[in-house]
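# Summary of the model geometry
Residues per chain, in single letters:
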Amino acid sequence: MQDIERKDKTYVWHPFTQMQDWVENKQLVIAAGDGIKLIDIDGKAYYDGVSSLWLNVHGHRKAAIDQAIIDQLGKIAHTTMLGLANIPAAELAEQLVKIAPPGLTRVFYSDSGSTAVEIAVKMAYQYWQLKGQTQKKKFITLTNAYHGDTVGSVSVGGIDLFHRIFAPLLFETVHAPSPSCFHCTLGDSPAACGFACVVAVEKLLADHHGEIAAMVVEPLVQGAAGMLVQPPGYLRRVRELTQRYGVLLIVDEVATGFGRTGRMFACEHEGVSPDLMTMAKGITGGYLPLAATLTTDEIYNAFLGPVEAQKTFFHGHSYTGNPLACAAALANLRIFRDEQVIENLGPKIEAARRKLAAFWQLAAVADIRQCGLMIGIELMQDKATKQPYPPAWRMGHRVCMKTREYGLIIRPLGDVVVFMPPLASTVEEIEEMLDIIYRAIAEVT
Ligand code: PLP
C-alpha cells in the first residue's frame, strides 16, 4: 500500500461508504485527470464512466475552464455576497436566466445540489407564508426520490435505505407513487393503466392542495433511485395539475441539467417551466462546488418590502456565489455554445442505444433505462419473475469492480449499473466503455 492510501485509510471518512469495507480493501487514489480519463497514483488510466459522480461534462483539464479559473484567481478567489456583489456571479446569473425555461428570472446561489433543494423548499414555504396562505406547509414528493442529504432535502426524499434512520429529524411529506413503469405496481404502461401515477397525483392534490406548498420532482429520470425513467408526458401532466390546484412545482435538475438528457434541461423535453428549479453538478462542468435555485418574478416579488417588514429570505452560505466557481460556470456555458455540445449529442445517444440493445441477451439484464446519456442497467437473479439478487451478493458492486480491471470506473446504485459518461466522450469511446460493461456483466453474473 502506498503511503497516500494509508493516510486516506487512517484519516478520511468517505461519503456513502462503509468504512470497514473501505479500509479492508485495496482502493484507487486518483492523482490526475486527462480528458475523459482519470489517472491513479500508479499511472494507470481509467475512463471516467460516471463523470466523477455525474458532474464532469467536457472532460478533465479542459483548457478553457482551467484558464477561466486562473484568470479569476488573478483577480479574487472569494468575496461574500452578503452585502456585496461580484462580477462573475452577476454575469452568470444573467446567462443562467437566458438558458433556463421561460419565466425563471431570479438566481439564488449555493454550493451543492442538496443546498439548492433546501433553498427551493424554504422559498416555497416562505412564499405561502408571505401570501397569507399559512396553512400551505406540506410538500408532495415521489417515492424513491433523491434530492440530497441535508435535513430539508432528505425530508423531500424517499429512498428508504438513506432516509429511514433520520426519520425523527425530518418534516412530514405526502408521497406520490414513483412514475417508473418497470417497478410500478399500478400498471404496465400509461396506455394500459390510464396514467395511474398521474391520477394518484391528482387525487393527492384534490384532497390536500389547501395544505400543500409545493410538489418536488426530478424531471424525466429519478436518478439515484436507479435511473428510473418516467413515461413521456408525466412531467407535463404534473405541471398542469400543480397549476390547476395552486401548488408550486419544484423541478430538481441537479442530475439532469446541463445536457445530460440530450437537452440543456430535462424540462425542455416536456415544454415545462416550473416555479422553482434547482441546478448543480454540471453547472461548473464538474470543476468546483456551485449550485443555483432559480425562481419566478411572482415568487421573488412576494419577498419584497421594507427591511422592517421582515419579508427577507434569511438564508445564505459563506461561499454563496463564489467568484471562482462562477467563473468556471461561465466558461462551461461558453463551451456549450462554442462547441455546440447539445447539438452534437444525438449520435452519441444513438450509439449508446444501439450498443445497449445487445445487453438484453445477457441473462442477468432485467431492464435497460436510457434518457440521453443517463443510463441504468438493472441486474436481477431471475428477470422473468423480477427476482432480485440477494443484497449480500453485491452484484452491481462486483460488476463495477470488474470494469476497473478493464480500465473503466463506474459506480452502481444497488444492482443498477450506472453509466453516465462525460458529454465530451466520442461515439467510439462510448462504444468502448459499453463493451467493457457488457464484458464485465457477462463475466460476473
Ligand atoms: N438532487 C438530485 C436529483 C441529485 O441527483 C443529487 C445528487 O445526486 C442531489 C440533489 C444532491 O446533490 P449534491 O450531492 O450536490 O448535494
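Reading the values: the criteria
Residues numbered from 1 in each chain as written. Predicted model: local features only at pLDDT ≥ 70, side-chain atom pairs only at ≥ 80, totals over all residues. Helix = DSSP H or I, 4+ residues; strand = E, 2+ residues; numbered from the N terminus. Expected span 1.5 Å × (residues − 1). Buried ≥ 20, exposed ≤ 12 C-beta atoms within 10 Å, placed from the backbone. Arc of directions from axis to C-beta. Contact = placed C-beta atoms within 7 Å. Pairing = 2+ DSSP bridges. Axes fitted to C-alpha atoms, helices over the stretch in contact; angles between N-to-C directions. Left-handed = near helix turned anticlockwise from the far one by under 90°. Nonpolar A, V, L, I, M, F, W, Y, C, P; charged D, E, K, R; others polar. Core = buried A, V, L, I, M, F, W, Y, C linked by C-beta atoms within 7 Å. Domains from an automatic or database assignment. pLDDT = per-residue confidence, 0-100. UniProt positions renumbered as here; feature names shortened; annotations may be inferred. Near = placed C-beta within 6 Å.

## Observations concerning helix α10 (residues 196-208)
- Helix length check: α10 (13 residues) gives 18 Å between terminal C-alpha atoms against 18 Å at 1.5 Å per residue, within 8%.
- Of all the positions in α10, only Cys 197, Val 198, Val 201, Leu 204 and Leu 205 are classed as buried. Projected down its long axis, α10 shows its buried positions confined to an angular sector of 115°, all on one face. Pointing more than 90 degrees away from the buried face of α10 are the exposed residues Lys 203, Ala 206 and Asp 207.
- Where α10 is buried, its residues meet β5 (138-142), β6 (174-176), β7 (212-217) and α11 (234-244).

## Thoughts on the sheet that holds β6
- Strand order in the open sheet formed by 7 strands is β4-β12-β11-β10-β7-β5-β6, and the pairing between neighbours is mixed. Because the sheet does not close on itself, it has two edges, and the strands there are β4 (106-110) and β6. Across this sheet, the average inter-strand angle for adjacent strands is 20°, counted without regard to direction.
- In the sheet, β4 pairs with strand β12 (residues 291-295) via 5 bridges, with the strands oriented antiparallel. When the sheet's bridge partners are listed, Ser 110 is paired in β12 with Ala 291.
- On top of the sheet, helix α5 (residues 87-99) reaches β4 and β12; it is set at about 125° to β4, its chief contact.
- Running over the sheet, α11 touches β7 and β10 (248-252) and is turned about 170° from β7.

## Digging into the packing of α5 against helix α13 (residues 323-338)
- One can describe the packing of α5 onto α13 by two numbers: an axis separation of 8 Å at closest approach and a directional angle of 35°. In this structure, the crossing between α5 and α13 has a hand that is left-handed. Two secondary-structure elements touch here, α5 through Pro 88, Ala 89, Glu 91, Leu 92 and Gln 95 and α13 through Pro 323, Cys 326, Ala 327, Ala 329, Leu 330 and Leu 333.
- Here the contact of α5 with α13 is composed, by residue class, of 9 nonpolar, 1 polar and 1 charged.

## Regarding the packing of helix α4 (residues 63-73) against α13
- Axis separation between α4 and α13 bottoms out at 8 Å; the angle between their running directions is 145°. Read as a crossing pair, α4 and α13 show a hand that is right-handed. Between α4 and α13, the contacting residues are Ala 64, Ile 65, Ala 68, Ile 69, Gln 72 and Leu 73 on the first element and Pro 323, Leu 324, Ala 327, Ala 328, Leu 330, Ala 331, Asn 332, Arg 334 and Ile 335 on the second.

## A word on the nonpolar core
- In terms of nonpolar packing, the biggest core is built from 120 residues, with Ala 124, Ala 214, Ala 292 and Val 417 touching the most fellow members.
- Looking at which element gives the most residues to this core, the answer is α13, with 11 residues.
- In terms of domain composition, this core takes at least three residues from each of domain 1 (3-57 + 341-444) and domain 2 (67-338).

## A look at the confidence of the model for the protein chain
- Residues of the protein chain with pLDDT of at least 70 account for 100%, and the chain-wide mean is 97.
- Overall fold confidence for the complex sits at a pTM of 0.98, while the interface term, ipTM, reaches 0.99.

## Observations concerning the domain arrangement of the protein chain
- The domain architecture assigned to the protein chain consists of domain 1 (3-57 + 341-444) and domain 2 (67-338).
- Computed over C-alpha atoms, the centres of domain 1 and domain 2 are 26 Å apart.
- Every contact between the two is made by 24 residues of domain 1 and, on the other side, 24 residues of domain 2.
- Secondary-structure elements contributing two or more residues to the side of domain 1 that touches domain 2 are α3 (51-54), α14 (345-357), β13 (365-371), β14 (374-379) and β16 (416-419).

## Section: the pairing of strand β2 (residues 37-40)
- Summarising the sheet, strand β1 (residues 30-34) and β2 pair through 4 bridges and their orientation is antiparallel. Bridging from a neighbouring strand, Ala 32 pairs with Ile 39 of β2.
- Between β1 and β2, which pair antiparallel and follow one another directly, the connecting turn spans 2 residues, one of which, Gly 35, has a positive phi of 60°.
- Here β2 folds back onto strand β3 (residues 45-48) in antiparallel fashion, the turn holding 4 residues, of which Gly 43 has a positive phi close to 85°.

## Quick look at the UniProt feature "binding site: pyridoxal 5'-phosphate" (unreviewed entry) in the protein chain
- Following the UniProt record, one finds the feature "binding site: pyridoxal 5'-phosphate" (unreviewed entry) at Gly 113, Ser 114, Asp 252, His 317 and Ser 318. Over a stretch of 206 residues, the named residues are scattered through the fold, their C-alpha atoms separated by up to 22.9 Å.
- Relative to the assigned elements, Gly 113 resides in helix α6 (residues 113-130).
- Those residues in contact with Gly 113 that lie beyond four places of it in its chain are Gly 148, Val 254, Thr 278, Ala 280, Lys 281 and Ala 291.
- Tracing the sequence through the fold places Ser 318 in the loop between α12 (297-302) and α13.
- A tally of 10 C-beta atoms within 10 Å means that Ser 318 is categorised as exposed.

## Let's talk about the site of the ligand
- Residues in close proximity to the ligand total 14 residues, the closest being Ser 112, Gly 113, Ser 114, Gly 148 and Val 254.
- Per-element tally for the shell around the ligand: the top contributor is α6, with 3 residues.
- In the shell around the ligand, the residues fall into 6 nonpolar, 6 polar and 2 charged.

## Regarding the sheet that holds β13
- With antiparallel pairing, the 3 strands of this open sheet are ordered in space as β13-β14-β16. The open sheet has two edge strands with one neighbour each: β13 and β16. When the angles between neighbouring strand axes are averaged without regard to direction, this sheet yields 15°.
- Summarising the sheet, β14 and β16 pair through 4 bridges and their orientation is antiparallel. Its bridge partner lying in β16, Ile 375 is registered against Phe 419.
- Sitting on the sheet, α14 touches β13 and β14, and the angle it makes with β13 is about 175°.
- Taken strand by strand, helix α15 (residues 395-405) contacts β14 and β16, and its axis lies near 40° from that of β16.

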